[in-house]
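Listed below are the residues making up each chain.
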Amino acid sequence: MTSPKTLLKAWNFRPNKLLGQNFLAAPSLAERIVKLSEVSPEDVVLEIGAGLGALTIPLARIAKTVFAVEKDHRLIELLKTEILLNRLSNVKVMEQDILNLNIDDLAPNRTDKLIVAGNLPYNISSQILIKLLFSRDKVSRAIVMLQKELALRIIEPPGSKKYGRISVMLQYGAELKKIMEVKADQFFPKPKVDSVMLSINFKPKPDLPADNEIFLFEVLKAAFGQRRKTLKNALKGSQLHLEPKEILPILEKAGINPLSRAESLDVQEFVRLSNVIKAYTTPIQPKLDY
Ligand code: SAM
């Protein structure tokens with residue numbers, strides 16, 4: 001692997017901050033990340049944000065196929081050249097915004113699921129993770145590098161200020177494991193913060209399934225949208241169109257103290273709450289905006 005500094009100079013390329021372009025600088029670290037991802041020769045990998053190919057190349061040396069998605073048009077030729085120089089023929093470079101990619105299109109007839117890998121662009125990491133969660137009929141697991149703060153928020157248990165909507169959603173649909181921390185100086189250009197690699201094993205069947213997962217997401221939006229308020233008040237002021245007189249019976253039916261706050265509820269309590277509320281509301285058009 002050529003260092004990103006050298007490659008960027010040779011191709012006269014200026015990294016774009018808005019696209020979260022902080023490239024992995026050390027080949028040994030890229031190799032280690034791929035090793036820890038436990039990809040095997042039968043696996044079909046979807047790599048998000050392939051960049052200069054730091055992970056693409058070691059991934060392709062092991063996996064059956066790698067779909068390398070990259071949004072920045074300027075990087076596509078560079079990436080293809082790097083792959084060619086490494087004599088790899090199992091990489092399909094896709095110039096695409098991951099948020100617009102239909103993951104089903106990658107696995108039309110496949111029964112085995114995809115594995116996702118990537119050093120994610122930091123400004124859309126949460127959106128990507130929610131998209132993967134809702135695509136988990138096609139994705140078995142993801143091994144991703146995230147900004148440390150987001151990674152720690154995701155694995156945070158209830159009862160803390162960091163615990164939020166994304167923690168509940170991912171803890172609902174996946175088993176999460178912190179794999180390792182990576183210091184900011186391992187990237188070029190150097191970002192302001194350190195990173196954490198997380199392994200996300202999607203559960204096909206959550207322990208207590210929500211009747212409607214998108215609706216659960218809406219309930220979390222309402223509860224955490226006003227996280228300093230008690231749940232009784234947060235639900236009153238929410239977009240869920242609940243009659244004020246319905247709120248106490250709903251909370252009672254779900255077995256939740258109306259004076260508690262969103263951050264104290266565990267995943268199962270949120271699922272119960274969502275299932276009870278759903279029976280009370282007129283259908284709303286849920287949106288997956290994060
Ligand atoms: N994988 C490379 C590495 O580890 O060195 C690059 C990682 S860099 C943190 C994130 C990459 O994601 C960049 O190459 C960036 O251009 C790309 N990217 C940003 N937004 C994207 C999007 N919406 N869809 C696909 N790729 C995106």
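Look up a bit, the structure's there.
Each chain has its residues counted from 1, following the order in which its sequence is written. The predicted nature of this model means local features are confined to residues of pLDDT at least 70 and side-chain atom pairs, given and counted, to a pLDDT of 80 or more, with totals for whole chains, interfaces and linings taken over all residues. Each side-chain value is derived from all of the structure's non-hydrogen atoms; neither hydrogens nor water enter the calculation.

## A few points about the sheet that holds strand 3 (residues 65-70)
Going by this rule: We call two strands paired when DSSP finds no fewer than two bridges between them. For the purposes of this entry, the term helix denotes a DSSP run of H or I that reaches at least four residues, the term strand denotes a run of E that reaches at least two, and both are numbered from the N terminus. Simply put, an axis is a line fit to the C-alpha atoms, just over the touching stretch for a helix, and the angle between two N-to-C directions goes from 0 to 180 degrees. Note on definitions: a residue-residue contact is assigned when non-hydrogen atoms from the two residues lie within 4.5 Å.
Reading across the sheet, the 7 strands line up as 4-3-2-5-6-9-7 and stay open at both edges, with mixed pairing between neighbours. With partners counted over all chains shown, the strands left at the sheet margins are strand 4 (91-95) and strand 7 (174-182), one partner each. Going from strand to strand, the sheet's axes swing by 20° on average, the running direction of each strand aside. Strands strand 7 and strand 9 (195-202) of the sheet are contacted by helix 7 (residues 165-173), whose axis makes an angle of about 115° with strand 7.

## A look at the site of the ligand
Test applied: A cutoff of 4 Å decides nearness: a residue is near a molecule or strand if any of its heavy atoms lies inside that distance of it. Between N or O atoms, a polar contact is any pair within 3.5 Å; within protein, one atom must be a potential hydrogen donor and the other a potential acceptor, and residues adjacent in sequence are included only when both atoms are from side chains. Accessible surface area values rest on a Shrake-Rupley calculation with a 1.4 Å probe, where residue burial reflects the displayed protein chains alone. When residue character is reported, Ala, Val, Leu, Ile, Met, Phe, Trp, Tyr, Cys and Pro are called nonpolar, Asp, Glu, Lys and Arg charged, and the others, Gly included, polar.
Close to the ligand lie 21 residues; Gln21, Leu24, Gly49, Glu70 and Asp97 are nearest. A distance of 2.9 Å is found between a nitrogen atom of the ligand and a backbone nitrogen or oxygen belonging to isoleucine 98. Asparagine 119 is positioned such that a nitrogen or oxygen atom in its side chain is 3.0 Å from an oxygen atom of the ligand. For the ligand, whose free accessible area comes to 590 Å², the fraction covered by protein is 98%. Residues belonging to the shell around the ligand are distributed by class as follows: 9 nonpolar, 7 polar and 5 charged.

## Quick word on the environment of isoleucine 155
In this structure, isoleucine 155 sits in helix 6 (residues 148-155). On a C-alpha basis, the gap between isoleucine 155 and leucine 198 in space is 9.2 Å, while along the polypeptide they are 43 residues apart. Excluding residues within four positions of it along the chain, isoleucine 155 makes contact with Gln171, Leu176, Lys178 and Leu198.

## Notes on the nonpolar core
Definition in use: Here, the term nonpolar core denotes a set of buried Ala, Val, Leu, Ile, Met, Phe, Trp, Tyr and Cys residues that are joined through side-chain atoms within 4.5 Å. Exposure classes here rest on a 1.4 Å probe applied to the protein chains alone. A residue is buried below 20% of its type maximum, exposed above 50%, and partly exposed in between.
Residues Leu46 and Phe270 are the most contacted members of the largest nonpolar core, which totals 62 residues. By residue number, the principal contributor to this core is helix 8 (residues 213-225), which donates 8 residues. Excluding residues within four positions of it along the chain, leucine 46 makes contact with Phe67, Val69, Ile98, Leu101, Ile103, Leu106, Ile115, Val116 and Ala117. Leu24, Leu59, Ile115 and Met145 belong to the second-largest nonpolar core, a separate cluster that totals 31 residues.

## Observations regarding the pairing of strand 2 (residues 44-48)
Spelled out, the test is: For the handedness criterion, the strands are oriented away from the viewer, and a crossover whose path from the first strand over the helix to the second runs clockwise is classed as right-handed.
The buried fraction of strand 2 is high, at 5 of 5 residues. Here strand 2 runs beside strand 3; their pairing, made up of 5 bridges, is parallel. Bridge pairing in strand 3 places valine 45 opposite valine 66. What joins strand 2 to strand 3 is helix 3 (residues 56-62), and the crossover it makes is right-handed. Pairing between strand 2 and strand 5 (residues 114-119): 3 bridges, direction parallel. Each bridged residue has a counterpart across the sheet, and for glutamate 47 the counterpart in strand 5 is alanine 117.

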